[in-house]
Amino acid sequence: MLETFSEWPAPPYFNFAPGTIKTGPESCIVYFRNGNKALGDLVRFSPGESSIVFLPSRNEVNETINLDKIKSIRLVQPLTMLRQETSLEQRAEEVFAPSERQTFSLEFTDKETISGETVGHTDSANGLYLYLPKDNDKVVRCFIPKQSIGNFQIGMKLGEMLIEEKLASKEDVDAAVTRQRSLRLQRLGDYLSEHQIVTREELDQAIRHQETRPILKLGEALQQLELITQEQLDAALKKQKENRNIPLGQILIEMGIVDERAVKGALAKKLGIPYVGLSKFNFDHNAIRLVNHSLARKHGLIPLCMHENSLVVAFEDPLNLAAVEELRFLIQMKILPVMASHDDVRTAITKHYATHGDNKGHVEFGVDDRIGDDYAYHQSAASEMKIDDLASKLFVEDSGIELTMEPIAESDNTLVQLVNKMILDAFSDGVSDIHIETYPGRSNTRVRFRKDGTLIDYLEIPPNFRNAVISRIKVMSQLDISERRKPQDGKLDFRHFGPAKVELRVATIPTTNNLEDIVMRVLASAKPVAFDKLGLSPENLAALKSMLARPYGLILVCGPTGSGKTTTLHSMLGYINTPGRKIWTAEDPVEITQAGLRQVQINSKIGWTFASAIRSFLRADPDVIMVGEMRDQETAKTGIEASLTGHLVLSTLHTNTAPESVIRLLDLGMDPFNFADALLGVLAQRLAKALCPKCKQAYTPEAAEIDGLLAEFLEGTSLDPVTTMEQWRNAYANKGKFTLYQAAGCDHCNRTGYRGRLGLHELMSVTQPLKRLIQTRAPLNELLSAAFDNGMRTLKQDGITKILQGHTDISQIRSVCM
């Protein structure tokens, strides 16, 4: 059983009474969409997860249940909720306080309806939280997943509210609804008859008119009352066509139907959202800095002040849940929405953002804002500043007090810019991994990049920011910032935070002294490399093409992590990816995408493993199956069976050489006869640094150096040295003299002498003699000897060939090959 139970969120402006929240599993009733229900303990429930962990009564085994199977969850134990004091009254002269209870009605997808009262509510990304009042000021907590909700209404409808508050008569509302329905149901034929359309041009104009006809809401329908003239109605409809997102209350007020203060007061009372007058409000300028100007203008909002760990924000339309959720996601803080008038919000934005230098000059509202998106300010700031400048700013801001693991706001924040710049630099420089290493005490946090297989120092971050930078990356990756004892894995889609289209695979690793390291693998949206551009020797390329032409069988690519196995597999798939073939891939993660492939992301947490994916593929009429890795017996056995039933299967193994892959699979328990029949070939590979093409220096080697290369080339083989040397002279020497190249260094390669990497390959084609050796479980040396007899060249031999071709040097080959 898990140790903790995720805290149930409290609604805006409320807290649960101290000491009432349990720290362990809570008794609950789960209502299922199939009509069943179960009593038990809610062991784990997190708002960001798609499933719960549930322990049924009279059972000792936890069950993981997906939310799409649940209709609702109700906790048994009532709790006391306390109204928060937000100090708005002290900061503003004009505040309409909200009521504590609101009516609600909810229709499930199965058409069942429930209604009643709730003490506030929380509408989250994965469902609706209700707090049903009980005796003695207590509430019962209830959660309804999004998948189960048909529609819901919190608070009274506007028409009912206007009637109850005596802001409009029932006759006026009924007349408005009737007018609204008539506008929605107006048919094109009626329009044609009314306007006597006779020509094609008039018909086209009528169709365009009908397509742009707005579907009016009740607030707009109230504009059709006889309190305004036809000219005013036409003006209102024209305005609505230009901007269909005008808030409901604003239209009512602009049409002069009701008084603004009366509408806001009614909304505050019935919907539980305070209304605040901003003309004399005492703004917290630190709160304003948390939200950039373009976002404030986009949604018509202005931050007011901080309350505990929440940000109080005034909205023109606080019922725009999408805007509230977007703001919460961007700044990673709880949002407490309040209402304010349109004029108050716009005036405050102009005044306070001009004061903070974020207004880009005075721009009238309503004029097209071509900033691009909400991150424009941070993108430009991060791209214009150098990483050293940002790091220097952090050291200047170092107060000696370590920041906590609280989320960092998406604002004008040096640390946010630094993290964005770090990812942008890694992406633009072709970095494969970002390593963030934290150290105890007053030691700086170290950031290193892995480029071309080598780690290089990139940046140091002052010690008081070490937890904050870890927290920031966790937030960006949607990981749990409070969990520091266990490793976590996630994915960071940088498109939400910056201008680059790049994804990163994020892994957190707990270290000593209660610290954490982070390693981020850059998964830039790569495209497959052309098969002919992999650097395969002509012999290996021809042999692989022959294998890929086979209708069934198993092809393996082996090598350590980061040796380019996935790139090679996708190059093979690109070669055989034709309209006449159905290709399925199971990958973890999906790093390279290709049109025409059906690609699947593995998720072992829900039981969606490589083996289960292969079994599903076999029912989907495949021609070719690619499996990201044969990491266990079940996956290997299922893949071999698939290759024996008429499918071409491609996969990878973490082994050092091609013959060792055969031994590894036999050790996993594969049947040697089935395995021998299925296997077509094994390609082992490594990546070695390539010499910089712009600065590499040619030289004529001494005879001893060539003899040394020949000795390493022949080691462990029965090749004849005289014959091999003669082949070299014919292929690589000019008038009997060899030309090799060495590293020099230039700006193009950052003075290293190397730029990029090249592949080294070892291809073992499975012939009949090799099949017999596999069937008899022959030892490794016999497999190796038979492979040599069939023309296989080792990784080092392929590397030495590339030295003679002028692509690299012996130091790089020795660093990756034995």
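Given the structure is predicted, the values throughout are model-derived calculations rather than measurements.

1. Section: the overall build of the chain
Turning to step 1, where the next piece is worked out: Helix and strand counts for the chain stand at 29 helices and 33 strands.
Turning to step 2, where the next piece is worked out: Expressed as a percentage of its 818 residues, the buried residues of the chain come to 49%.
Turning to step 3, where the next piece is worked out: Considering only residue pairs separated by 6 or more positions, the chain has 65% of its internal contacts joining residues 24 or more positions apart.

2. What about the sheet that holds strand S10 (residues 113-118)?
Turning to step 1, where the next piece is worked out: The strand order across the open sheet formed by 3 strands is S10-S9-S14, and the pairing between neighbours is antiparallel. Single-partner strands in this sheet number two, and they are S10 and strand S14 (149-154). Mean inter-strand twist for the sheet, computed between neighbouring axes without regard to direction, equals 15 degrees.
Turning to step 2, where the next piece is worked out: Note: strand S9 (residues 102-108) against S10, 6 bridges, orientation antiparallel. Considered in S10, the bridge of Glu107 is made with Thr113.

3. Describing the pairing of strand S17 (residues 310-315)
Turning to step 1, where the next piece is worked out: Extensive coverage of S17 is indicated by the burial of 6 of its 6 residues.
Turning to step 2, where the next piece is worked out: Side chains Ser310, Val312 and Ala314 project from S17 onto one buried face, and the interleaved Leu311, Val313 and Phe315 project onto a second face that is buried too.
Turning to step 3, where the next piece is worked out: Here S17 pairs with strand S18 (residues 334-339) via 6 bridges, running parallel. If you follow Ala314 over to S18, its bridge partner there is Val338.

4. Overview of the sheet that holds strand S33 (residues 754-765)
Turning to step 1, where the next piece is worked out: Across the sheet, 7 strands lie side by side as S27-S26-S28-S29-S25-S30-S33; this open sheet has mixed pairing. Of all the strands in the sheet, the pair left with one neighbour each is strand S27 (597-601) and S33. Strand-to-strand twist in this sheet, taken as the mean axis angle between neighbours without regard to direction, amounts to 20 degrees.
Turning to step 2, where the next piece is worked out: Pairing between strand S26 (residues 583-587) and S27: 5 bridges, direction parallel. If you follow Thr585 over to S27, its bridge partner there is Gln599.
Turning to step 3, where the next piece is worked out: Packing of helix H20 (residues 610-618) onto the sheet brings it into contact with S26, S27 and strand S28 (624-627), and relative to S26 it is tilted by some 165 degrees.

5. Quick look at the packing of helix H22 (residues 658-667) against helix H27 (residues 780-789)
Turning to step 1, where the next piece is worked out: Where H22 meets H27, the axes come as close as 9 Å, and the angle between the chain directions of the two elements is 140 degrees. Comparing the axis directions of H22 and H27 gives the class oblique. Crossing of H22 against H27: the hand is right-handed. Here H22 contributes Pro659, Glu660, Val662 and Ile663 to the contact with H27, which in turn contributes Leu780, Leu783 and Leu784.

6. Digging into helix H12 (residues 321-331)
An α-helix turns once per 3.6 residues; consequently, residues spaced three or four apart project the same way.
Turning to step 1, where the next piece is worked out: Of all the positions in H12, only Ala323, Val324, Leu327, Leu330 and Ile331 are classed as buried. Within H12, the buried residues cover an arc of 130 degrees as seen down the axis, which keeps them to one side.
Turning to step 2, where the next piece is worked out: Those residues of H12 that are buried are in contact with helix H11 (293-299), strand S16 (301-307), S17 and S18.

7. Side note on unusual backbone geometry
Turning to step 1, where the next piece is worked out: Non-glycine residue Asn513 carries a positive phi angle of around 65 degrees.
Turning to step 2, where the next piece is worked out: Structurally, Asn513 is set in the loop between strand S23 (502-511) and strand S24 (515-524).
Turning to step 3, where the next piece is worked out: Relative accessible area serves as the criterion here: at 54%, Asn513 is assigned to the exposed category.
Turning to step 4, where the next piece is worked out: For Asn514, which is not glycine, the phi dihedral falls at a positive 60 degrees.
Turning to step 5, where the next piece is worked out: With respect to the helices, strands and loops of the structure, Asn514 is situated in the loop between S23 and S24.

8. Overview of H20
Turning to step 1, where the next piece is worked out: Regarding H20, the residues found buried are Phe610, Ala611, Ser612, Ala613, Ile614 and Phe617.
Turning to step 2, where the next piece is worked out: In this fold, the buried residues of H20 make contact with S26, S27, S28 and helix H21 (633-644).

9. As for the pattern of salt bridges
A side chain with one charge can pair with a side chain of the opposite charge if their charged atoms come near.
Turning to step 1, where the next piece is worked out: Here the structure, examined in full by the defined rule, presents 19 salt bridges.
Turning to step 2, where the next piece is worked out: Close ionic contact of Lys474 with Glu516 constitutes a salt bridge, the shortest N to O distance being 2.9 Å. With Lys474 in helix H17 (residues 466-476) and Glu516 in strand S24, the pair connects residues that are 42 residues apart, well separated along the chain.
Turning to step 3, where the next piece is worked out: Measuring nitrogen to oxygen at the nearest pair gives 3.2 Å for the salt bridge that ties Lys545 to Asp532. Within this pair, whereas Lys545 is found in helix H18 (residues 538-548), its partner Asp532 is found in the loop between S24 and H18, the two being separated by 13 residues in sequence.

10. Brief notes about the packing of H18 against helix H19 (residues 565-576)
Turning to step 1, where the next piece is worked out: Interhelical geometry of H18 versus H19 gives an angle of 60 degrees and a closest axis separation of 11 Å. Between H18 and H19, the interaxial angle falls into the category oblique. With respect to the hand of their crossing, H18 and H19 are arranged in right-handed fashion. Note on element contacts: H19 touches H18 through Met572, Tyr575 and Ile576, opposite Leu544, Lys545 and Leu548.
Turning to step 2, where the next piece is worked out: In the contact of H18 with H19, the residues fall into 5 nonpolar, no polar and 1 charged.

11. Quick word on the environment of His121
Turning to step 1, where the next piece is worked out: Take His121: it is sitting in strand S11 (residues 121-124).
Turning to step 2, where the next piece is worked out: A sequence separation of 33 residues divides His121 from Ile154, and the C-alpha atoms of the two residues are 8.2 Å apart.
Turning to step 3, where the next piece is worked out: If we skip the residues at most four places from it in the chain, His121 touches Pro11, Pro12, Leu128, Tyr129, Leu130, Tyr131 and Ile154.

12. A short note on the side chain of Arg141
Turning to step 1, where the next piece is worked out: You can see Arg141 is positioned in strand S13 (residues 138-145).
Turning to step 2, where the next piece is worked out: Within the local environment of Arg141, its side chain forms a polar contact with the side chain of Glu26, the two groups lying 2.9 Å apart.
Turning to step 3, where the next piece is worked out: Sequence-distant contacts of Arg141, that is, excluding residues within four places in its chain, are made with Trp8, Phe16, Ile21, Glu26, Ile73, Arg74, Leu75, Gln77, Leu79, Leu130 and Tyr131.

13. A word on the confidence of the model for the chain
In regions of low pLDDT, the predicted coordinates are not meant to be interpreted in detail.
Turning to step 1, where the next piece is worked out: Across the chain, pLDDT averages 78, with 75% of residues at or above 70.
Turning to step 2, where the next piece is worked out: By mean pLDDT, helix H6 (residues 218-222) is the weakest element of the chain at 38, and strand S25 (residues 553-558) is the strongest at 95.
Turning to step 3, where the next piece is worked out: Scored below 50 in pLDDT, residues 183-229 shows 70 contacts in the model against residues more than four places distant or in partner chains.

Conventions and cut-offs
Residues numbered from 1 in each chain as written. Predicted model: local features only at pLDDT ≥ 70, side-chain atom pairs only at ≥ 80, totals over all residues. Heavy atoms only, no water. Helix = DSSP H or I, 4+ residues; strand = E, 2+ residues; numbered from the N terminus. Buried < 20%, exposed > 50% of the residue type's maximum accessible area, 1.4 Å probe, protein only. Contact = heavy atoms within 4.5 Å. Pairing = 2+ DSSP bridges. Axes fitted to C-alpha atoms, helices over the stretch in contact; angles between N-to-C directions. Parallel < 35°, antiparallel > 145°, perpendicular 65-115°, else oblique. Left-handed = near helix turned anticlockwise from the far one by under 90°. Arc of directions from axis to C-beta. Salt bridge = Lys/Arg side-chain N within 4 Å of Asp/Glu carboxyl O. Nonpolar A, V, L, I, M, F, W, Y, C, P; charged D, E, K, R; others polar. Polar contact = N/O pair within 3.5 Å; in protein donor to acceptor, adjacent residues only side chain to side chain. pLDDT = per-residue confidence, 0-100.

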